[in-house]
Amino acid sequence: MWTKTAGASLRMMSHLHRCCVHTVWRRTADGRQTQLRLCRLLSSSGPPWRVLFFGSDQFAVESLKLLSSSRSSSGGVVESLEVVTLSGDVPVKKFAQHNHIPLHSWPPDTAEGQFDVGVVVSFGCLLPERLINKFPHGILNVHPSLLPRWRGPAPIFHTILHGDTVTGVTIIQIRPHRFDVGPILHQELHQVPENCTADVLGAVLATKGAHLLIDTLRTLPDRVAHRREQTQTGATFAPKFKSSLSWVVWEEQTCDQIDRLYRAIGSRIPLKTLFMGRTIKLLDFVGRCHISLLDERRKPVPGSVSYQRESNTLAVCCKDGWVGFKAVLLKKRLTAADFYNGYLHQTVQNNTPYQRGEDLFVSRKQGTEPQPMRKNSTS
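Here's the deal with the state of the cysteines
Scanning all chains against the criterion turns up zero disulfides. Counting only cysteine sulfurs, Cys318 is the nearest neighbor of Cys317, a cysteine outside any disulfide, at a range of 6.3 Å.

And the structure:
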């Protein structure tokens, strides 16, 4: 009998260790105040933490992986882990299902104090204040930039597009109503490698961000106590990139700008231009070209195309030089040689207006709707 009683007492003590009674005053309809005594879960004062993770894409998976492995490691910072993700077959959902991590749909129905801390990585939804307030230690966000630079949903894209040589990862506490404005808990710099693409940089920062997150959770109370507010100095916004950015403007963009644009979006959206009024996609960018023209006295204009037989490259004139592409896409993928033999050589031989060269690749004018390339005898 004593053993059963002792066991029950231990279970009760364990429950009370995670609970507390607190008082809430509520005013009734007749103006009187009533006292409500509520029991809620206590938060831990230090790791390991009960974590609720919000994420969607592959960038977020890297942080989720490290949080998941921390549950089973000696001295890990995670006691329990659950996941909130969006609808659809997104990478975070796949990882959670494969590793048997409890899943919640958005928005989650969680109780106050059910979790110690939240973690948001590449989630895409603004969390309401009432949800944030349910986490005693707040909700952390892993952001791949040196905040306040590049607040917003596409910091890596803008880092490459604008030629930043230094970037990094920032851990902040999120605040309601606005993205990426919360106080900074941790920050680490990263040198952007020369000629780096957005995909490569994203993979590196995802790993760096995951380790920075674990380090932050390990000393979270101290990090929160010494958090610093973001300044408005140097604040920039990183909106999602639009497909309209893929249209090259030969008259306005330099070789370096086209190079950065390709490295920022080329793996997702091909660069585009107009050829004989039709859309042409430019593939396999090779960077700046140094070419010799037959008539050196004639200065080419932006959009001029020169086929470089030795390197099998299409060189296109832009604002300050020439850039090269190894292939294009019309009705199908064509090598530079195929395009020259099937289209460029024909236009010259047929004495069309395009034989002058400078008008071959034309920048899309605002409001024009290019048509797909029609079949013709030159293909």
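Focus: the pairing of strand 4 (residues 78–85)
With respect to burial, strand 4 is a largely interior element, six of its eight residues being buried. With six bridges connecting them, strand 3 (residues 49–55) and strand 4 associate as parallel partners. Among the inter-strand pairings, Phe53 is bridged to a residue of strand 4, identified as Val83. Read from strand 3 through helix 2 (residues 58–72) to strand 4, the crossover connection turns out right-handed.

What about helix 3 (residues 91–98)?
Residues Val92, Phe95 and Ala96 constitute the buried set of helix 3. Seen along its axis, helix 3 keeps its buried residues to an arc of 100°; they face one direction. Taken together, the buried residues of helix 3 touch strand 3, helix 2, strand 4 and strand 5 (103–105).

Some points on the packing of aromatic side chains
Under the defined criterion, the tally for this structure stands at 14 aromatic pairs. An angle of 55° between the planes, with centres 5.3 Å apart, marks the rings of Phe285 and Phe325 as tilted. In this pair, Phe285 is assigned in strand 11 (residues 278–289) and Phe325 in strand 14 (residues 322–329), connecting sequence segments 40 residues apart. Per residue, the accessibility class of Phe285 equals that of Phe325, and both read buried.

Describing the packing of helix 2 against helix 6 (residues 198–218)
Helices that pack against each other are described as a pair by the angle of their axes relative to one another and the distance between those axes. Where helix 2 meets helix 6, the closest approach of the two axes is 8 Å, and the angle between their N-to-C directions is 35°. For the pair helix 2 and helix 6, the crossing hand works out as right-handed. Contact residues: Phe59, Glu62, Ser63, Leu66 and Leu67 in helix 2; Gly202, Leu205, Ala206, Thr207, Gly209, Ala210, His211, Leu213, Ile214 and Leu217 in helix 6. Tallied by class, residues from the contact of helix 2 with helix 6 come to nine nonpolar, five polar and one charged.

What counts and how
Residues numbered from 1 in each chain as written. Predicted model: local features only at pLDDT ≥ 70, side-chain atom pairs only at ≥ 80, totals over all residues. Heavy atoms only, no water. Disulfide = S-S within 2.5 Å. Buried < 20%, exposed > 50% of the residue type's maximum accessible area, 1.4 Å probe, protein only. Helix = DSSP H or I, 4+ residues; strand = E, 2+ residues; numbered from the N terminus. Pairing = 2+ DSSP bridges. Right-handed = clockwise from strand over helix to strand, strands pointing away. Arc of directions from axis to C-beta. Contact = heavy atoms within 4.5 Å. Phe/Tyr/Trp six-rings, centres within 6.5 Å; stacked < 30°, edge-to-face > 60°. Axes fitted to C-alpha atoms, helices over the stretch in contact; angles between N-to-C directions. Left-handed = near helix turned anticlockwise from the far one by under 90°. Nonpolar A, V, L, I, M, F, W, Y, C, P; charged D, E, K, R; others polar.

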